[in-house]
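Report on the structure
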Amino acid sequence: MVDFGFSEEERAIRQTAREFAENEIAPVARHHEESGEWPREVWEKAVDAGLVGGGIPQEYGGAGLSQVEMCLFMEEICRVDAGMLAAIGTEFGTRMISAYGTEEQKEWILRGVAEGELIGALGNTEPNHGSNAAGIETTARKDTGERSSTSPAVPEARQDGDEYVIDGVKTFITHGTIADYVLTMCRTGEEGHGGISAIIVETDRDGFEVESEIHKLGWNASETAQLRYDGVRVPEENLVGHENTGFYQLMEFFEEERVGIAAQALGIAQGCLEETVDYVSRREQFDRELREFQAVQHKVADMATKVELARRLVYDAARRVDDDEKPTKLASMAKLYASEIAEEVASDAIQLHGGNGYTTDYAVSRHYKHTKIYQIGEGASEIQRNIIAKEVLGL
């Protein structure tokens, strides 16, 4: 495996993540995927090891990892089980808060997440709006101070306009059932991109409800929910950044998020490749090891080539992010290619495992279930192709 000039510190982070994945995640991954039970004990160990909120700046208790370091961490965890990474990754919304939040918000959210006191969620997707992030309908209106028979009593000491009142529904929210806060994208102005704001909503506020849990094909160690906001009141101080700029704030991190997703998909593919190499080296058919058959060799060769190409895209894009570039095209290429070859490599891994690959006794079947979400989340493959084409064609 090419190390792409990784520094000693970067290699140490990779090794730490690998050891944590093999020692703490591998023994319990199957149980949590099949039971759907959130792995609190593993999360607590990850917090103690400083592996939660790795991208949070050190001054707020995080590790302050670079994009390359985050990718190395995510790849190694997903090499064992991607669903468990989703489960212990409780820092949703912290990128935006780190960049645009007030000092009070940073001390509250960033430090709380890094120290394991808070679990975060990001509320963006809605039942009618997935890829169309600019079309959200959840509203946050400034309170007028007027009381009605159906609204909560307004404290006398509060002045008009010092609260937002939020109404709407968010869906496919990771950690929606266990989160302490949801960074919620709300419409505060005109239709389209320019009327959206990001507001921190604590989940213990009146009017906030977990409407339903969502059962998924994979990633079952990570809980997912649909959330309802019914007149939820939050103070103006919970606004992150400036009003009506939330969409642009969210878009600011899409390169980082897409490269991170690509690294996770790469980890799945790498894990499937390793599982397959081990299996075909031990399994015998017709008095020969499977690896001796040319058909097997060719399929493994194709798998290895896809993994290596994905790795080069991922870490090239990650380095560019760390160099303060904005690699829009490359990030979309990395996300598109890594997510699609993850499914292909996982499928080939099952094929080479034969009937055993179709059972839950072997990790490749679990890997395969995890792959599909990577072609959907953070912009579906079709969206990535649109972005790449526009960049190439100058549209």
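Look up a bit, the structure's there.
These numbers were taken from a predicted model, which means no experiment stands behind them. (Residues numbered from 1 in each chain as written. Predicted model: local features only at pLDDT ≥ 70, side-chain atom pairs only at ≥ 80, totals over all residues. Heavy atoms only, no water.)

A cluster of nonpolar side chains, contributed by Val392, Leu393 and Leu395, occupies part of the molecular surface with about 370 Å² of accessible area. The topology assignment puts Leu395 in the segment after helix H13 (381-393). The exposed category is assigned to Leu395, whose relative accessible area is 74%. (Patch = residues over 30% accessible without salt bridge, like charges linked within 9 Å, V, L, I, M, F, W, Y side chains within 5 Å. Areas by Shrake-Rupley, 256 points an atom, 1.4 Å probe, with all protein chains shown as cover. Salt bridge = Lys/Arg side-chain N within 4 Å of Asp/Glu carboxyl O. Helix = DSSP H or I, 4+ residues; strand = E, 2+ residues; numbered from the N terminus. Buried < 20%, exposed > 50% of the residue type's maximum accessible area, 1.4 Å probe, protein only.)

A word on the nonpolar core. Ranked by size, the top nonpolar core spans 90 residues in total, and within it Phe20, Ile25, Met96, Val314, Tyr315 and Tyr374 carry the most contacts. Residue contributions to this core peak at 13 residues, all from helix H9 (residues 254-282). In this structure Tyr374 touches Cys78, Ala82, Trp219, Ile261, Gln264, Ala265, Ile268, Lys335 and Ser339, once residues within four positions along its chain are discounted. Listed in part, the 17 residues of the second largest apolar core include Val182, Cys186, Val201 and Val232. (Core = buried A, V, L, I, M, F, W, Y, C linked by side-chain atoms within 4.5 Å. Contact = heavy atoms within 4.5 Å.)

Secondary-structure assignment places Thr276 in helix H9. Its relative accessible area of 0% is what places Thr276 among the buried residues. When the C-alpha positions of Thr276 and Thr139 are compared, they lie 49 Å apart, and in sequence the two are 137 residues distant.

Quick look at the pattern of salt bridges now. Here the structure, examined in full by the defined rule, presents 33 salt bridges. We note a salt bridge from Arg233 to Glu163, for which the minimum N-O separation is 3.0 Å. Remark: Glu163 occurs in strand S3 (residues 163-174) and Arg233 occurs in strand S7 (residues 224-235); sequence separation between them is 70 residues. Assigned by exposure class, Arg233 and Glu163 land together as buried. The shortest N-O distance in the salt bridge between Arg311 and Glu308 comes to 3.6 Å. Of this pair, Arg311 and Glu308 are both found in helix H10 (residues 294-322), three residues apart, which corresponds to roughly one turn of the helix. Salt bridges linked by common partners bring Arg18, Glu22, Glu76, Arg79 and Glu274 together as one network.

Here H10 crosses helix H11 (residues 328-353) at 155°, and the two axes come no closer than 9 Å. Between H10 and H11, the angle is such that the two are roughly antiparallel. Two packed elements cross with a definite hand, and for H10 against H11 that hand is left-handed. Residue composition of the contact of H10 with H11, grouped by class: 19 nonpolar, no polar and six charged. (Axes fitted to C-alpha atoms, helices over the stretch in contact; angles between N-to-C directions. Parallel < 35°, antiparallel > 145°, perpendicular 65-115°, else oblique. Left-handed = near helix turned anticlockwise from the far one by under 90°. Nonpolar A, V, L, I, M, F, W, Y, C, P; charged D, E, K, R; others polar.)

Attention shifts here to H11. In this model, H11 (26 residues) spans 37 Å end to end at C-alpha, consistent with the 38 Å of a helix rising 1.5 Å per residue. Gly354 sits one or two positions beyond H11 and adopts a positive phi of about 65°. (Expected span 1.5 Å × (residues − 1).)

For the rest of this paragraph, the subject is a negative patch on the surface. Taken together, Glu37, Glu41, Glu44 and Asp48 make up a surface patch of like negative charges. Assignment of secondary structure puts Asp48 in helix H3 (residues 40-48). We classify Asp48 as exposed; its relative accessible area is 69%. (Lys, Arg positive; Asp, Glu negative; His and termini not counted. Charge placed at Lys NZ, Arg CZ, Asp CG, Glu CD.)

The geometry of an aromatic ring pair is captured by the separation of the ring centres together with the interplanar angle, meaning the angle of the planes. All told, the structure shown has seven aromatic pairs when counted by the stated rule. When the ring of Phe208 is compared with that of Tyr229, the centres are 5.4 Å apart and the planes differ by 85°; the resulting orientation is edge-to-face. Separated by 21 residues along the polypeptide, Phe208 in strand S6 (residues 208-213) and Tyr229 in strand S7 bring together distant segments of the chain. Tyr229 carries the same exposure label as Phe208, and that label is buried. Ring plane angle 85° and centroid distance 5.8 Å describe the contact between Trp219 and Tyr374, whose orientation is recorded as edge-to-face. Of this pair, Trp219 sits in the loop between S6 and S7 while Tyr374 is found in the loop between helix H12 (363-371) and H13, placing the two residues 155 residues apart along the sequence. (Phe/Tyr/Trp six-rings, centres within 6.5 Å; stacked < 30°, edge-to-face > 60°.)

Turning to unusual backbone geometry, a few remarks are in order. Not every positive phi belongs to a glycine, and Trp219 is a case in point at roughly 55°. Using a relative accessible area of 14% as the deciding quantity, one classes Trp219 as buried.

Topologically, Ile109 is positioned in helix H7 (residues 103-114). Under the relative-accessibility criterion, Ile109 is labelled buried at 0%. Measuring from C-alpha to C-alpha, the distance between Ile109 and Gly93 comes to 9.1 Å, with 16 residues separating the pair along the chain. Sequence-distant contacts of Ile109, defined by excluding residues within four places in its chain, comprise Thr94, Ile97, Leu118, Tyr181 and Ile200.

An α-helical turn contains 3.6 residues, so any two residues separated by three or four positions project in the same direction. Those residues of H3 lying buried are Val42, Trp43, Ala46 and Val47. The buried residues of H3 all sit within an arc of 145° when viewed along its axis, so they share a single face. Relative to its buried face, H3 has exposed residues pointing more than 90 degrees away, namely Glu41 and Asp48. If you follow the buried residues of H3, they end up packed against helix H1 (8-25), helix H5 (82-88) and H7. Taken from the residues just after H3, Gly50 is the one with a positive phi, measuring 75°. (Arc of directions from axis to C-beta.)

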